[in-house]
Amino acid sequence: MSDVNALFEAARAVREKAYAPYSNFLVGAALRTPDGNVFTGCNVENASYPVSVCAEGGAVSAMIAAGQRQIAEAVVIGDAALCTPCGMCRQRLKEFGTDDLIVHVADLNGIRRSFTIDELLPAAFELEDKKD
Ligand code: THU
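Residue numbers run consecutively from 1 along every chain, following the written order of its sequence. Reporting in this predicted model follows two pLDDT cut-offs: at least 70 for local features of residues, and 80 or more for side-chain atom pairs to be given and counted; totals over whole chains, interfaces and linings ignore these cut-offs and use all residues. Working from all heavy atoms in the structure, the side-chain values ignore hydrogens and water.

(A) Quick peek at the pattern of salt bridges. Think of a salt bridge as a Lys or Arg side-chain nitrogen and an Asp or Glu carboxyl oxygen that are within 4 Å of each other. In this structure the tally under the stated criterion is seven salt bridges. Put simply, E16 and R15 hold a salt bridge, and the shortest N to O gap is 3.7 Å. For E16, a relative accessible area of 57% gives the class exposed. Note on classification: 1.4 Å probe, protein chains only; a residue is buried when its accessible area is under 20% of the maximum for its type, exposed when over 50%, partly exposed between these limits. On the basis of relative accessibility, which here comes to 6%, the residue R15 falls in the buried class. A salt bridge links D79 to R15; the nearest nitrogen and oxygen atoms lie 3.5 Å apart.

(B) Structural context of the environment of L93. Strands here are runs of E lasting at least two residues and helices are runs of H or I lasting at least four, both read from the DSSP assignment and numbered beginning at the N terminus. Position of L93 relative to the elements: it lies in helix α3 (residues 87–96). Judged by relative accessible area, which is 1%, L93 ranks as buried. Note: C-alpha distance between L93 and D107 (14 residues apart in sequence) is 20 Å.

(C) View of the environment of P34. Within the secondary structure, P34 sits in the loop between β1 (28–32) and β2 (38–42). Residue P34 is classed as partly exposed on the basis of its relative accessible area of 47%. Along the primary structure P34 and L101 are separated by 67 residues, whereas in three dimensions their C-alpha atoms are 9.8 Å apart. The contact definition used throughout considers only heavy atoms, calling two residues in contact when any of these lie within 4.5 Å. For P34, the contacting residues outside a window of four places in its chain are Q70, A72 and T98.

(D) Up close: the sheet that holds strand β5 (residues 110–116). Strand order in this open sheet of five strands is β2-β1-β3-β4-β5, and the pairing throughout is mixed. Among the strands making up the open sheet, the edge pair consists of β2 and β5. Adjacent strand axes in the sheet meet at a mean angle of 20° when their direction is disregarded. Only strands joined by at least two bridges in the DSSP assignment are considered to pair. Taken together, the six bridges between strand β3 (residues 71–77) and strand β4 (residues 97–107) define a ladder with parallel strand orientation. Across the sheet, the residue bridging to V75 is H104, located in β4. Between N-to-C directions, angles cover 0 to 180 degrees, with each direction set by a line fitted to C-alpha atoms, over the stretch in contact for helices.

Okay, here's the thing in structure tokens:
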């Protein structure tokens, strides 16, 4: 299985674990670090809606908790044709993305579109001394 297919399968599997009783919109995210580690997350909603966490947020937290800081490739999967990351998650991914981070957007049948992080978030806000 190629790297991107493995990432797709990881995102599809974690999507099944999502807790989304309010929107009924399940999302999974899988991130690959430059050295090949994979971290996953799913959306977790809350009765107080703004408390909810996106799938990408969960995956980034898992990566950081494991001591990793860089994302080379990501897959986000929803059940709609094009579940592109929300604005907040674009900023989240940018913070830890390599310069050439690719974000693949998938539905249940496979990857539908692929974007560079700069396509998703042009002219991003960044601080010089981030990351280390
Ligand atoms: N959601 C994500 O988890 N990631 C995205 O990229 C888009 C939206 C979640 C948030 C909420 O739980 C549900 O999808 C509906 O908006």
